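# Architecture and fold: a report
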Amino acid sequence: MVSRVIPVDPFDLVVFGGTGDLARRKILPALFRRFQAGQMGESSRVIGAARSDMDAEAYRGFVRAAIEEFDPQAASDSAALEEFLGRLSYVALDAKGTAGWDKLAGEVSAGRIRAFYFSVGPGLFGDLAQRLHDYGMADHDSRIVVEKPFGRDLASARALNRGLAQHFQEHQIYRIDHYLGKETVQNLMAVRFGNMLFEPLWNSQYVDHIQITVAESVGVGGRGDYYDRAGAMRDMMQNHLMQLLCLIAMEPPAKFDPDAVRDEKLKVIRALDPVAPDNVVRGQYQAEGDKPDYCTQVENPDSRTESFVALKAHISNWRWAGTPFYLRTGKRLKDRASEIAVVFKEAPHSIFGAGAGRHRNILTIKLQPNEGIELGVTIKEPGPGGMRLIDVPLDMTFAEALGPDSADFPDAYERLIMDVIRGNQTLFMRGDEVEAAWAWTDPIIEGWEERGEAPQPYASGSAGPDDSLMLMHRDGRRWREIKP
Ligand code: NAD
């Protein structure tokens, strides 16, 4: 099977923050790979825009170095890399001033798709939208892509939405959450809604509980300053984990179109019960060997910011009443592993007697480091000796059936950037979704602040604080092992 490349219309893509960390690591390598795949037509161009004073030639050198560092395999195609670099230009500008903006307006072409990627802090979103308007670049062919964090609470998210809405309509605003761009996340929707097999069981009558884990083995690294002001709840739970929760829990949309899908996701968020304090656990990692503890790493000895959070959520609707959703995310955990596990109930009666043990089907959607979907089924252990049951995974990625190229799909940033060019918002968050998500997480964070609660320490390389294990144990359940 050869992956199909769907052509897109010619475009100009401006990357504000084009010299930043995210541009270097993700956006520019992703654009190069789409170029290699033949998805950047001959006249499409990329324009870096940032504060640093450099010319186009220097910027090309910067981009070459970034691609060589972050995707050496792709960069080894040096002829393609040179051709791609030829499509790049650069404008030095200040989002808050007027310098550089006339030049940028002269660089982007009217009458074609113009995408503006705001790869800068949210404090600049409003300024950029305003300048794009002032310099005649905010017309109906324009669209903007905004990075997380989209605010730090409901009030700031509303203010950001209002600022963007002054010059762009909702259908022009792409709030990116790269988890939604993962192949497996979309496959989850295909498996759920393309088969008769799962949907009838997809409710509290058959599903015991759902676990969502996004575990990182690294600490806060060089992003300590930002992270210490955010914490795991704002940085991961409010966006990535809640988005995954929505896709798992939503009703089948009438069709796979942006507003139909996002309407259903929004209904899930609005049906979430408030979370009681004893259903949330926060943690902070401790030192391990030569790796410093959290407070040392963020250079804030008294920090009460959580690097781990686990919670139990309930969705009050007909489908899910009685099925808990357990969500956890954290840094410096045992492994880097993200997955969603749909744990079905046991069969109501075992005809094989107590000796056969207790078995459950588990549908696991693995998101990283490897993507895939697996269904755990119970079968007879082969061979003589009576009826002994074992659980085996049924691999639903079908790499063999689909051929070796089936694993060779675009990464999340590639797919999402191309969706922006195509004008498809299905995998992007709508403004009301983001606000509803903050409305749910705000009281949890405010509760911690009011109670002056400190996070619990947990050992680096562990599965998080003991209380997060208790969150499950007291319900007679346990977390799945964190492993890739
Ligand atoms: P960075 O600090 O590395 O880069 C910031 C960029 O913005 C630079 O190119 C800088 O020149 C430009 N900039 C800053 N002030 C400017 C101004 N007044 N006018 C014009 N340009 C200006 O930041 P980053 O890590 O690349 O992050 C960018 C955005 O993406 C942030 O909102 C961040 O939270 C988000 N994000 C980053 C990551 C990551 O891994 N780095 C991941 C997810 C989201």
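Just so it is clear, the model here is predicted, and its values are computed rather than measured.

Turning our attention to the overall build of the protein. Each helix and strand counted, the protein has 15 helices and 15 strands in total. The C-alpha atoms of the protein give 24 Å as radius of gyration, which agrees with the globular expectation for 484 residues (23 Å, within 12%). Summarising its shape, the C-alpha atoms of the protein cover approximately 75 × 55 × 45 Å along the three principal directions. Of the roughly 21,400 Å² of accessible surface on the protein, 52% is carried by carbon and sulfur atoms. Across the protein, 57 positive and 70 negative side-chain charges occur, with their mean positions spaced 3 Å apart.

Pro 149 follows Lys 148 through a cis peptide bond whose omega is 0°. In this structure, Pro 149 sits in the loop between β5 (142-146) and α7 (154-165). Here the bond from Gln 368 into Pro 369 is cis, since omega is 5°, no more than 30 degrees from zero. Mapped onto the secondary structure, Pro 369 falls in the loop between β12 (362-368) and β13 (372-380). Despite not being glycine, Arg 332 shows a phi value in the positive range, around 50°. A relative accessible area of 4% means that Arg 332 is categorised as buried.

Right, let's talk about the packing of aromatic side chains for a bit. Counted according to the given criterion, the structure contains 18 aromatic pairs. Arranged with centres 6.1 Å apart and planes meeting at 75°, the rings of Tyr 326 and Trp 479 form a pair that is edge-to-face. In this pair, Tyr 326 sits in strand β10 (residues 325-330) while Trp 479 sits in the segment after α15 (466-473), placing the two residues 153 residues apart along the sequence. Across this residue pair, the class does not change: Tyr 326 and Trp 479 are buried. Chaining the aromatic ring pairs together yields one cluster made of Phe 16, Trp 101, Phe 116, Phe 118, Phe 125, Tyr 135 and Phe 150. The ring of Phe 150 has Arg 175 lying over it, and the distance from NZ or CZ to the ring centre is 5.1 Å. Its end group placed over the ring of Trp 448, Arg 282 keeps NZ or CZ at 4.2 Å from the ring centre.

With respect to the helices and strands, the residue Asp 442 is situated in helix α14 (residues 431-451). No salt bridge is formed by the buried Asp 442, whose closest oppositely charged neighbour, Arg 234, lies at an N-O distance of 5.9 Å. A polar contact of 2.9 Å, which involves the side chain of Asp 442, links it to the backbone nitrogen of Leu 154. Ignoring anything within four residues of it in the chain, the contact list for Asp 442 reads Arg 152, Asp 153 and Leu 154.

Right, let's get into the site of the ligand. In the region of the ligand, 20 residues are neighbours, and Thr 19, Asp 21, Arg 25, Ala 95 and Val 120 sit closest. In the model, an oxygen atom of the ligand is placed 3.2 Å from a nitrogen or oxygen of the Arg 51 main chain. Here the ligand, which alone exposes 830 Å², has 78% of that area covered by the protein. Looking at the shell around the ligand, the element that brings in the most residues is helix α1 (residues 21-36), giving three residues. Considered class by class, the residues forming the shell around the ligand number eight nonpolar, six polar and six charged.

Entries for the protein in the domain assignment read domain 1 (11-147) and domain 2 (180-412 + 430-473). With centres defined by C-alpha atoms, the gap from domain 1 to domain 2 works out at 34 Å.

This brings us to helix α8 (residues 183-194). Working note: α-helix, 3.6 residues per turn, so residues spaced by three or four point in the same direction. Helix length check: α8 (twelve residues) gives 15 Å between terminal C-alpha atoms against 16 Å at 1.5 Å per residue, within 8%. On its buried face, α8 sits against α9 (224-249), β11 (337-344), β12, β13 and α13 (412-422).

Our focus in this paragraph is the packing of α9 against α14. Packing of α9 against α14 brings their axes to within 10 Å, and their N-to-C directions diverge by 140°. In terms of axis orientation, α9 runs oblique to α14. Considering only the axes of α9 and α14, their crossing is right-handed. For the pair α9 and α14, contact is made by Met 233, Arg 234, Gln 238, Met 242 and Gln 243 and by Glu 433, Val 434, Ala 437, Trp 438, Trp 440, Thr 441, Ile 444, Ile 445, Trp 448 and Glu 449, respectively. Looking at side-chain class alone, the contact of α9 with α14 contains nine nonpolar, three polar and three charged residues.

What follows covers a nonpolar patch on the surface. Judged by side-chain polarity, Ile 351, Phe 352 and Met 387 come together as a nonpolar surface patch covering roughly 320 Å² of accessible area. Note that Phe 352 resides in the loop between β11 and β12. Of the residues examined, Phe 352 reaches a relative accessible area of 37% and is grouped as partly exposed.

Here we come to the packing of α9 against helix α10 (residues 258-271). Axis separation between α9 and α10 bottoms out at 9 Å; the angle between their running directions is 110°. Classified by the interaxial angle, the pair formed by α9 and α10 is roughly perpendicular. Facing α9, whose interface residues are Met 242, Gln 243, Cys 246, Leu 247 and Ala 249, α10 presents Lys 265, Val 268 and Ile 269. The class makeup of the residues in the contact of α9 with α10 is six nonpolar, one polar and one charged.

Cut-offs used in this document
Residues numbered from 1 in each chain as written. Predicted model: local features only at pLDDT ≥ 70, side-chain atom pairs only at ≥ 80, totals over all residues. Heavy atoms only, no water. Helix = DSSP H or I, 4+ residues; strand = E, 2+ residues; numbered from the N terminus. Rg over C-alpha atoms; globule rule 2.2 N^0.38 Å. Areas by Shrake-Rupley, 256 points an atom, 1.4 Å probe, with all protein chains shown as cover. Lys, Arg positive; Asp, Glu negative; His and termini not counted. Charge placed at Lys NZ, Arg CZ, Asp CG, Glu CD. Buried < 20%, exposed > 50% of the residue type's maximum accessible area, 1.4 Å probe, protein only. Phe/Tyr/Trp six-rings, centres within 6.5 Å; stacked < 30°, edge-to-face > 60°. Lys NZ or Arg CZ within 6 Å of the ring centre and 35° of its normal. Salt bridge = Lys/Arg side-chain N within 4 Å of Asp/Glu carboxyl O. Polar contact = N/O pair within 3.5 Å; in protein donor to acceptor, adjacent residues only side chain to side chain. Contact = heavy atoms within 4.5 Å. Near = heavy atom within 4 Å. Nonpolar A, V, L, I, M, F, W, Y, C, P; charged D, E, K, R; others polar. Domains from an automatic or database assignment. Expected span 1.5 Å × (residues − 1). Axes fitted to C-alpha atoms, helices over the stretch in contact; angles between N-to-C directions. Parallel < 35°, antiparallel > 145°, perpendicular 65-115°, else oblique. Left-handed = near helix turned anticlockwise from the far one by under 90°. Patch = residues over 30% accessible without salt bridge, like charges linked within 9 Å, V, L, I, M, F, W, Y side chains within 5 Å.

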